[in-house]
Amino acid sequence: MRIAQEVATRSTCDRKNVGAVIVRDKTILSTGYNGSVRGMPHCDDVGHFMENGHCIATVHAEANAIIQAAKNGVAVDEQTSTLPHHRAGLFQAHRQLRNKADILS
């Protein structure tokens, strides 16, 4: 969890600093933090785009960790665990990992 907390310090949305680490057999496969879509302005710089109490301009840390794994050709299967910085993202991350298992395997 300390690694996820350190990754969270890179967050570009100051509403919530969140980090995620994808691990298999005690080996870190990928990390991610919540932040703006690549190439878009950061919430820290231009403010938040809020909808129903959530900043929708940001990509969740768990999703970014999965995207980073895919970008680097790292297979992330359903046996892989994810360690989100906050519990609310755990279920969403689990669904994402299950859905993309066939894509990278």
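The structure under discussion appears in the preceding block.
Quick notes on the rules
- Residues numbered from 1 in each chain as written.
- Predicted model: local features only at pLDDT ≥ 70, side-chain atom pairs only at ≥ 80, totals over all residues.
- Heavy atoms only, no water.
- Core = buried A, V, L, I, M, F, W, Y, C linked by side-chain atoms within 4.5 Å.
- Buried < 20%, exposed > 50% of the residue type's maximum accessible area, 1.4 Å probe, protein only.
- Helix = DSSP H or I, 4+ residues; strand = E, 2+ residues; numbered from the N terminus.
- Contact = heavy atoms within 4.5 Å.
- Pairing = 2+ DSSP bridges.
- Polar contact = N/O pair within 3.5 Å; in protein donor to acceptor, adjacent residues only side chain to side chain.

**Student:** Teacher, can you tell me more about the nonpolar core here?
**Tutor:** One recurring pattern in soluble globular proteins is that nonpolar side chains are buried together. Within the largest apolar cluster, eight residues are counted, these being Val18, Ala20, Ile22, Ala61, Ala65, Ile66, Ala69 and Val76. Contributing elements (two or more residues each) for this core: strand S1 (19–24) and helix H3 (61–71). Looking at this core, the element that brings in the most residues is H3, giving four residues. Apart from residues lying up to four places away in sequence, Ala69 is in contact with Ser30, Val74 and Val76.

**Student:** I'm lost on the pairing of S1 in this one. Help?
**Tutor:** Consecutive side chains along a regular strand alternate between the two faces of the sheet. Of all the six residues making up S1, five are buried; the element is thus mostly covered by neighbouring parts of the structure. As paired strands, S1 and strand S2 (residues 27–33) are joined by six bridges and run antiparallel to one another. If you follow Ala20 over to S2, its bridge partner there is Gly32. Adjacent in sequence and paired antiparallel, S1 and S2 are bridged by two residues, among which Asp25 carries a positive phi angle near 50 degrees.

**Student:** For this particular structure, what's the right way to read the environment of Ile22?
**Tutor:** By the element assignment, Ile22 lies in strand S1. Assessed through its relative accessible area of 0%, Ile22 is described here as buried. Note: C-alpha distance between Ile22 and Ile66 (44 residues apart in sequence) is 7.9 Å.

**Student:** Would you explain the side chain of Thr58 in this entry?
**Tutor:** Inspection of the secondary structure puts Thr58 in strand S6 (residues 58–59). Here Cys55 takes part through its backbone oxygen, which lies 3.0 Å from a polar atom of the side chain of Thr58. When residues no more than four places from it in sequence are discounted, the contact partners of Thr58 are Cys13, Asn34, Gly35, Ser36 and Cys43.

**Student:** Looking at this structure, how should I read the side chain of Thr12?
**Tutor:** Along the polypeptide, Thr12 turns up in the loop between helix H1 (2–8) and S1. We classify Thr12 as buried; its relative accessible area is 14%. Of note is the side chain of Thr12, whose polar atom sits 3.2 Å from the backbone nitrogen of Ser36. Within the structure, Thr12 has its side chain in polar contact with the side chain of His42 (distance 3.2 Å).

**Student:** Explain unusual backbone geometry here, please?
**Tutor:** With glycine set apart, most residues show a phi of negative sign, and most peptide bonds adopt trans. Even without glycine at this site, Asp25 takes up a positive phi of about 50 degrees. Of note in this structure, Asn52 is not a glycine but carries a positive phi near 50 degrees. Among the secondary structure elements, Asn52 is positioned in the loop between strand S4 (50–51) and strand S5 (54–55). For Asn52, a relative accessible area of 71% translates into the label exposed.

On their own, these measurements won't tell you what the molecule is for.
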